[in-house]
Amino acid sequence: MSIEPAMTDAAARRQVAAGDTGNVAIPAALSTGQMAQHRMSDWLELHNVSAMACQRLIADIPMPQPSRIVTLTTWTAPCLAAAWEMTQRAMQGLFPAQADIVTATFDHTEKTRIERSATRPRAVTLDNGAGAFPTIVYSYEGDPGDLLMLAHEFGHALQLRMSERRFVPPVIRETCAFLAERALLAATRIGDPLCYRY
């Protein structure tokens, strides 16, 4: 989930981190279930993006055959520092020519860990405005979904930095975040030793 500049002031960040999202407007269509009549193709058309373009973006990330299969019965949760490092390395592998931007974004993005709660989002990336690095507010308990969530939010942070304040349609923002998840999965499938070290 990525929040645009309307939620960038310090009070809004504290509000989201505290789980108080009562002032965040929910579109009437979402609260009344009217969205059911629309399809993904409607949303893509609204944002002038084709399904084929999304498929090409995702297809560009190679998914080599796994050298080792990790199942939930063999899963060993990485410590938080290792999880973030895995995420950074996966993105550097996806964008080797932009490794400096990945590193700078990783080093300067504020990462605020919160306790998991049913009353607030599991994770959110906040756009802190022109020239500033984003803030990622997240919870982490070490399950595989948490690792993907870190990659997803870091994908949003990279997109915010790389777009250089240009408008990016929501579907493209989410595609960037899902590309980060896929990059992490690809890195684990090729046997990145860091993925199994902890």
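Shown above is the structure to which this text applies.
The following paragraphs examine the structure supplied in this document. (Residues numbered from 1 in each chain as written. Predicted model: local features only at pLDDT ≥ 70, side-chain atom pairs only at ≥ 80, totals over all residues. Heavy atoms only, no water.)

Looking at the pattern of salt bridges
Right, on to step 1. Summed over all chains, the structure comprises seven salt bridges.
Right, on to step 2. In this structure, R116 engages D146 in a salt bridge whose closest nitrogen and oxygen atoms are separated by 2.4 Å. Taken together, the residues span a long stretch of sequence, with R116 in the loop between strand 2 (110-113) and strand 3 (123-126) and D146 in helix 7 (residues 144-162) at a distance of 30 residues.
Right, on to step 3. The exposure class of R116 is partly exposed, given its relative accessible area of 32%.
Right, on to step 4. D146 sits in the buried class, given a relative accessible area of 0%.
Right, on to step 5. One continuous salt-bridge network, built from bridges that share partners, spans R116, R122, E141, D143 and D146. (Salt bridge = Lys/Arg side-chain N within 4 Å of Asp/Glu carboxyl O. Helix = DSSP H or I, 4+ residues; strand = E, 2+ residues; numbered from the N terminus. Buried < 20%, exposed > 50% of the residue type's maximum accessible area, 1.4 Å probe, protein only.)

Description of the nonpolar core
Right, on to step 1. Formed by 23 residues in total, the largest nonpolar core has its most connected members in W84, M91, Y138, L150 and F154.
Right, on to step 2. When contributions to this core are tallied by element, the ones reaching two or more residues are helix 5 (80-94), helix 6 (99-108), strand 4 (135-138), helix 7 and helix 8 (170-189).
Right, on to step 3. Take this core: its biggest share by element is seven residues, from helix 7.
Right, on to step 4. The residues contacting W84, other than those within four sequence positions of it, are F106, K111, I136, Y138, L150 and F154. (Core = buried A, V, L, I, M, F, W, Y, C linked by side-chain atoms within 4.5 Å. Contact = heavy atoms within 4.5 Å.)

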